[in-house]
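Chain by chain, the residues run as shown.
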Amino acid sequence: MAIIRWDPFRDLVTLRERMNRLFEDMAASRSEGKDLMTSTWVPSVDIFETESDVVLAAEVPGIDEKDIEIKVEDNTLTIKGERKFEKETKEENYHRIERSYGSFFRSFALPSYVDHEKIEAQFENGVLKVHMPKKAEVKPRKVRILKPQAAEKPKK
C-alpha cells in the first residue's frame, strides 16, 4: 500500500471549484429560462512567450473586430467584447441553442518586462492575437565566454 501525503488545501481548492461550478450552473439555468440567447461566456485564451514577445491568443469566433475593445491600464490588459445573436429565425423554431451570446470581459496582469507602448493586436479567422513586446533590457542575449589570457612571466 502506497503512502499518500495529505494536503488539507487540496480539499479546500476542490470545494471552491465545486461551489464555483454550482453557481455557474445556477446562473446558466436561470438565463435559459428567461432568455435562451444570452448567457455569460468568456473566450478561451492561450498565453505564451517567444524570445521577443508575450502573446495572448483569444478565440472569439462570430465576433466582428469592431465589437472588441482592448485596453492597457495600470499594468493590466483588458479585453471586452460582445457576440450578438442574429435573429434570422424565431426563438420558438430552435431545437437547441448551445452557443453563448452576450458580452464578455477578461483581464490579465502584465509582467513588468512588457513594453506597454508597443502592444499590437491582430484579428484573423476568429482568433485575436495580442503581441506584447518585451523591453529591450529584458530580452535574452548571448554572453560570450572569454578565454583567460596567458599569465605574464615576471621579469627578473
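Every chain's residues receive numbers from 1 upward, in the order its sequence appears when written. With the structure being a predicted model, the display of local features is reserved for residues of pLDDT at least 70 and the display and counting of side-chain atom pairs for 80 or more, all residues being used for whole-chain, interface and lining totals. Think of the side-chain values as coming from all heavy atoms in the structure, minus any hydrogens and water.

Caption draft 1: Region of interest: the overall build of the chain. Looking only at helices and strands, the chain features 1 helix and 7 strands. Secondary structure elements in the chain, listed N-terminal to C-terminal, are α-β-β-β-β-β-β-β. Relative accessibility thresholds used throughout: buried, under 20% of the residue-type maximum; exposed, over 50%; partly exposed, between the two (1.4 Å probe, protein chains only). Taking all 156 residues of the chain together, the buried fraction comes to 22%. Any two residues whose heavy atoms approach within 4.5 Å at even a single point are treated as in contact. For the chain, the proportion of contacts with a sequence separation of at least 24, taken over those separated by at least 6, is 54%. The numbering of helices and of strands both runs from the N terminus, where a helix is a DSSP run of H or I of at least 4 residues and a strand a run of E of at least 2.

Caption draft 2: Highlighting the nonpolar core. Buried Ala, Val, Leu, Ile, Met, Phe, Trp, Tyr and Cys residues form a nonpolar core when they are joined through side-chain atoms within 4.5 Å. Grouped together as the largest cluster of nonpolar side chains are 17 residues, with contacts concentrated most on Leu56, Ile79, Leu128, Val130 and Met132. Among the secondary structure elements, those contributing two or more residues to this core are strand 2 (53-59), strand 4 (76-83), strand 5 (102-109) and strand 7 (127-133). If near-sequence neighbours (up to four positions away) are discounted, leucine 56 is found in contact with Val45, Asp46, Ile47, Leu77, Ile79, Phe108, Leu128, Lys129, Val130 and Met132.

Caption draft 3: Spatial organisation of the pattern of salt bridges. Salt bridge, as applied in this entry: a Lys or Arg side-chain nitrogen positioned within 4 Å of an Asp or Glu carboxyl oxygen. Under the defined criterion, the tally for this structure stands at 5 salt bridges. With a closest N to O distance of 3.9 Å, aspartate 115 and lysine 118 form a salt bridge. With relative accessibility at 52%, the residue lysine 118 sits in the exposed group. One network of salt bridges, with partners in common, ties together Asp64, Lys66, Asp67 and Lys84.

Caption draft 4: The side chain of lysine 134, seen in detail. Take lysine 134: it is sitting in the segment after strand 7. Judged by relative accessible area, which is 9%, lysine 134 ranks as buried. Side-chain atoms alone can form a polar contact between residues adjacent in sequence; in general such a contact is a pair of N or O atoms within 3.5 Å, and within protein one must be able to donate a hydrogen while the other accepts it. Separated by 2.8 Å, the side chains of lysine 134 and glutamate 49 make a polar contact.

Caption draft 5: Unusual backbone geometry, seen in detail. Within the chain, aspartate 74 stands out as a residue other than glycine whose phi angle is a positive 50°. Here aspartate 74 lies in the loop between strand 3 (68-73) and strand 4. At asparagine 75, a position not held by glycine, the phi torsion is positive, near 60°. Within the secondary structure, asparagine 75 sits in the loop between strand 3 and strand 4.

Keep in mind these values describe shape, not function.
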